[in-house]
Every structure is written in structure tokens, then in C-alpha cells.
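So you can see what is in the structure, the chains are spelled out below.
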Amino acid sequence: MDLSWAQASEIVAAVGSGRMSAREVVGAALARVAQHDRRLNAFTAVVEDRALAKAAAIDAARARGGAVGALAGVPFAVKNLFDIAVLATLAGSKINRERALAVRDATAIARLEAQGAVLVGALNMGEYAYDFTGENVHYGPSRNPHDLARMPGGSSGGSGAAVAGGLVPLALGSDTNGSIRLPASLCGIFGLKPTYGRLSRAGAFPFVASLDHVGPLARSARDLALAYDSMQGYDRDDPVCADRAPEPVTPLLGRGSGGLRIAVAAGYFRIGAFPEAQSALERVVTALGAKTEIEIPEARQARAAAYVITASEGGVLHLERLRRRARDFDPVVRDRLIAGAMIPSSLVVKAQKFRRWYREQVLALFADVDAIVAPATPCTAPLLGQQTFVFDGVEFPLRANLGVYTQPISFIGLPVVAVPVPLKPLPIGVQIIAAPWREDVALRIAHALEREGVVAAGKTAHADA
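Keep in mind the model is a prediction, meaning the values are calculated, not measured.

All right, on to the layout of surface pockets then. It is the rolling of a water-molecule-sized probe over the atoms that shows where space remains empty. Put simply, the largest pocket is a space of about 230 Å³. Lining the largest pocket are T133, E135, N136, V137, D330, V332, R336, Q386, Q387, P397, R399 and A400. Those elements that place two or more of their residues in the lining of the largest pocket are α11 (331-341) and α13 (398-401). Grouping the amino acids of the lining of the largest pocket by side-chain chemistry returns four nonpolar, four polar and four charged.

Below, the structure is given as C-alpha cells:
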């Protein structure tokens, strides 16, 4: 088995059967990180001793005939906004280096490790998650494994680079306005933003509490499902975590997309898309036989309202740090946060009222359809350092506008799977959007597309260099 590109499900089968030990798998992942991360800059910390000890415990449990878990021996890494015991939780910042060390792992980490997954380290990200590019002024940019001169997308840039670069088969990210789906799209991997409140965010440094989600990135839809199932469940430590019993989706993947009513997002979601985004969407639409087009009402206004809420909540969260340590921020992040803190409360209230109306309008669409497909990003990965791009004939700042197609969906907490379409020379993603709590629908469609070869996470050249 080529462990650089093995899927989590393949590793579980090998470790569970005894064909490989967890120690072999984890040791190989640590070696890949040591060899290749100098180019990718995906990791900010590696927890080698912890990882090897966990792997040894899994092997010992298996030798005794004990249960080893649904993710036995699978190496994973997490965006550095998740608490990792005995590390400072950086959240991509310089200021957070001075935080007290975490005393316990974030809930998402603990739940993955309870199923036998093995944490190997923390991953680079945009400062305080206010980023769509994967560039960080304090720790350097993560790089896209398909072309090291290009962005991986953000803010979970290290997560996208680590999975797409063959360092780990599974990573965790967070998604407030698109920060899982953008790296998935630009790096050519799968990403899941679950329903708002589905997975616990306890132990994850916040950005915008009313919009923050956590979720996995992987190289297959099945791996997303395995990780998602492992993290489900109520957690009283996250005040918005839904008190719902786990609803496993992995057993449902084989049902495929047959019988599902799938529509294509029209209007706003087709305007401005580059030819590669249009081509990727058309491949998915053709494969699914989706002939119905559907207009998501007032999506442009939804994005504007999402901006207001994001900037305001983010600015208030960081206000004291801005007062005391303004020079220690990335200047771009600092200026956006200061502007957000100055937004009039009347405008925030108006945005929240619109949000409730918009949610009702979009949920009504799911009376007639089971899923909606739309572009994930308007273009393939831009060059590192690129400041602007032309969208719908107008030049826009790149960093703030790569999430043009993701923000109207995050805004109301719908579950979305980003699937990678392997175009040449660079991949690009498509969003599969479902109704609340119907992650199973989005993952079934993603799995069906993967089986048909329409979407796939391909090997990247850099790892063999």
C-alpha cells in the first residue's frame, strides 16, 4: 500500500486485519511530514511522541483482541485553532503564542482519537480564520501541492495542503464563510461543512460564533463520512451543539444518488464563474442528470449580510487585542476587524433579520429538491501574493472575494460537501448542498460521483520530487 495516498478506509482495513501496524502507518506519516513539509508549510507543530504512543496503544489493543475503532491507525492533523493538550492554540496568530497551554484536546480531536485515529500535529491557517487564501504573515503561506507557487485556499490552508500533499489522509478545518470548501476546491480534495450545530466546536478558537462550523477534509467521500460519523453527538460544552442522536451516514453511501431530486443553482451562482468553474459544474451536472435549475433568492444580499455579521462579530471578539496589540496583527486582518467593530448595531440587526427571512426562503426550496449543486470557487488556485482578480468584468480584491459562492450557504448553516473535479492543469471544486441534517444526501451524491470517476482527489507531483 502506498501510504502517501492511501485513504483512511484502506488504512483501517490494513490495521484492523493486521496487515500493517498502526506504528508503521503513523511512522510513515511522520516521515512524510519531515520530508515534504518544508515545501508545503502545512504544519506549525508535530506531536511525534504522542502520535507514536497512541499508535503503540492501538497495536497493543489489537494484539489483545480488543476493539480498535472505526478509524484505527489513521493519522490526522488539525487546523491550529483546535486545542491540543500541552500546546498553545495559535489560531494563526502571533499574539496567541503567549496563551496558556491547552489542558485538554478539543472535543473533535478527542472523538476521532476515541475511534482510533492518531493526531500527528497542528496545521497552518490564516490569522484568526479571517482569510480565504491560506497565506499567513507570521508563519508563512501554506502552498498548494498541485503548484507550489499557488494558494491552497483559506483559512484552513494547512489542512488542504496536508491532505492534498499526501502528508495525512485526514484533517480538520473550520468553516465560517467557506474555509473548508475553499481549500478543498483549490487543492482538489473533498471537504464537509456540516449543518450548523451538528459537530461540537468545544475547544476550537472562535471567529464568528453564529457562523462557525468544524468539519473534515479528506481524499474520498467515504473518509469524510467515517470522520463525520466519529465526531457526531451532543456536547454540552458547545452551546449551539444540537442535542440530536448520532445519525451515521457511512452505511448509507452505497445508496448512491438514484432517486434523489438534484437541481443546479442558477442566477447568482452562475454569474462571474471562470471557464474552469463552469466546466467542472457541467461535468457534475451531466453525470447526475440534473436538468432542473433553481434560483436561490437574494443570494447577493445574503452574502452582504454575511459580511456584516462576520465583520461585526469578529471585530467585537478581538476588540481588546486590537486596542492593546494592534501592531501584532496581520495588517490586512487588523484593518478588517477594526472596520467590523465600527459597524452600527442597527445594520447588524438588519442583517440578522434578513438572515431569518433568507433561511425560510431557502429551506422552502427543499420541498421540491433534495440537493443543489453550485460552484465552490469562481476560479482555480490563484498565485501566492496575488492581490486582485477580475470577477464578472470587475476587478475585486482577491482575499475577500474568493468565497463569493460559499458565503450565502454558510450564512444559514446548510450542510455542504465540496467535491474535486480533476481538471488540468489544476483541480476545482463543486458544492453539493443539502437540507439541514441531511449530510447523508450530500455524501451519497459525492460518493456516487467518485465511483463514476467524475470527481477524484489525484496525486500531486511535489511529493515525488
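With that out of the way, let us pick up α11. Among the residues making up α11, those that are buried are V333, R336, L337 and G340. Summarising the axial view, the buried residues of α11 lie within an arc of 100°, below the 170-degree limit, and thus occupy one face. Contacts made by the buried residues of α11 are with α9 (299-317), α10 (319-325) and α13.

As a further point, take the packing of aromatic side chains. Counted under the stated rule, the structure contains 14 aromatic pairs. Judged by centre distance (5.7 Å) and plane angle (45°), the rings of Y128 and F329 are tilted. Here F329 lies in the loop between α10 and α11 and Y128 lies in the loop between β3 (118-123) and α5 (157-164), a separation of 201 residues in the sequence. With a relative accessible area of 3%, F329 lands in the buried category. Centroid distance F269 to Y405: 6.1 Å. Interplanar angle 35°. Geometry classified as tilted. Of this pair, F269 sits in the loop between β7 (262-265) and α8 (275-288) while Y405 is found in the loop between α13 and α14 (407-410), placing the two residues 136 residues apart along the sequence. The class of F269 is buried, set by a relative accessible area of 1%. Residue classification places Y405 among the buried residues on the basis of a relative accessible area of 0%. Three or more aromatic residues link up through ring pairs in this structure, and these residues are Y268, F269, F274, F389, F391, F396 and Y405. In this structure, R336 packs its charged tip against the face of Y130, placed 3.9 Å from the ring centre.

Residues G154 and S155 are joined by a peptide bond in cis, for which omega reads 10°. For S155, the location among the structural elements is in the loop between β3 and α5. K424 connects to P425 through a cis peptide bond whose omega is 5°. Along the chain, P425 falls in the loop between β12 (416-421) and β13 (428-434). For V86, which is not glycine, the phi torsion reads 75° and is therefore positive. With respect to the element layout, V86 can be found in the loop between β2 (75-79) and α4 (107-114). Residue classification places V86 among the exposed residues on the basis of a relative accessible area of 60%. With a phi close to 50°, Y128 is a non-glycine residue in the positive phi region.

Our focus in this paragraph is the side chain of S312. Within the secondary structure, S312 sits in helix α9. Residue class for S312 comes out buried when judged on its relative accessible area of 11%. Contact partners of S312, with chain neighbours within four places excluded, come to G340, I343 and V348.

So, on to the pattern of salt bridges. Evaluated as defined, the whole model comprises 20 salt bridges. For E293, the salt bridge goes to R270, with nearest N and O atoms at 3.4 Å. A residue pair is termed long-range when its members are at least 10 positions apart, and E293 in strand β8 (residues 292-294) and R270 in the loop between β7 and α8 qualify at 23 residues. Overall, the relative accessible area of 53% leaves E293 in the exposed class.

By the criterion of burial, strand β4 (residues 170-175) is predominantly enclosed, with six of the six residues buried. Here β4 shows a buried face lined by L170, L172 and S174 and a second buried face lined by A171, G173 and D175. Bridging between β2 and β4 involves three bridges; their strand directions are parallel. Bridge pairing in β4 links A77 to A171. Judged from the six bridges that link them, β4 and strand β6 (residues 213-218) form a sheet pairing that is antiparallel. Looking at β6, one finds that G173 is bridged to G215.

You can see Q387 is positioned in the loop between β9 (371-375) and β10 (388-391). Considering only alpha carbons, one finds Q387 and P397, 10 residues apart in sequence, at a separation of 5.9 Å. Among residues more than four places away in sequence, those in contact with Q387 are F396, P397, L398 and R399. Here the side chain of Q387 touches G385 through a polar contact of 3.0 Å, landing on its backbone oxygen.

Further remarks concern the nonpolar core. Grouped together as the largest cluster of nonpolar side chains are 155 residues, with contacts concentrated most on F43, F82, V373 and F411. Excluding residues that lie within four positions of it along the chain, F43 makes contacts with V33, D37, A77, V120, G121, A122, L123, N124, A162, L167 and V168.

About the criteria used
Residues numbered from 1 in each chain as written. Predicted model: local features only at pLDDT ≥ 70, side-chain atom pairs only at ≥ 80, totals over all residues. Heavy atoms only, no water. 1 Å grid on protein atoms, 1.4 Å probe; cavity = no way out; pocket = protein on both sides within 12 Å on 5 of 7 lines; lining within 4 Å. Points joined across faces, edges and corners; volume = space filled by probe spheres on them. Helix = DSSP H or I, 4+ residues; strand = E, 2+ residues; numbered from the N terminus. Nonpolar A, V, L, I, M, F, W, Y, C, P; charged D, E, K, R; others polar. Buried < 20%, exposed > 50% of the residue type's maximum accessible area, 1.4 Å probe, protein only. Arc of directions from axis to C-beta. Contact = heavy atoms within 4.5 Å. Phe/Tyr/Trp six-rings, centres within 6.5 Å; stacked < 30°, edge-to-face > 60°. Lys NZ or Arg CZ within 6 Å of the ring centre and 35° of its normal. Salt bridge = Lys/Arg side-chain N within 4 Å of Asp/Glu carboxyl O. Pairing = 2+ DSSP bridges. Polar contact = N/O pair within 3.5 Å; in protein donor to acceptor, adjacent residues only side chain to side chain. Core = buried A, V, L, I, M, F, W, Y, C linked by side-chain atoms within 4.5 Å.

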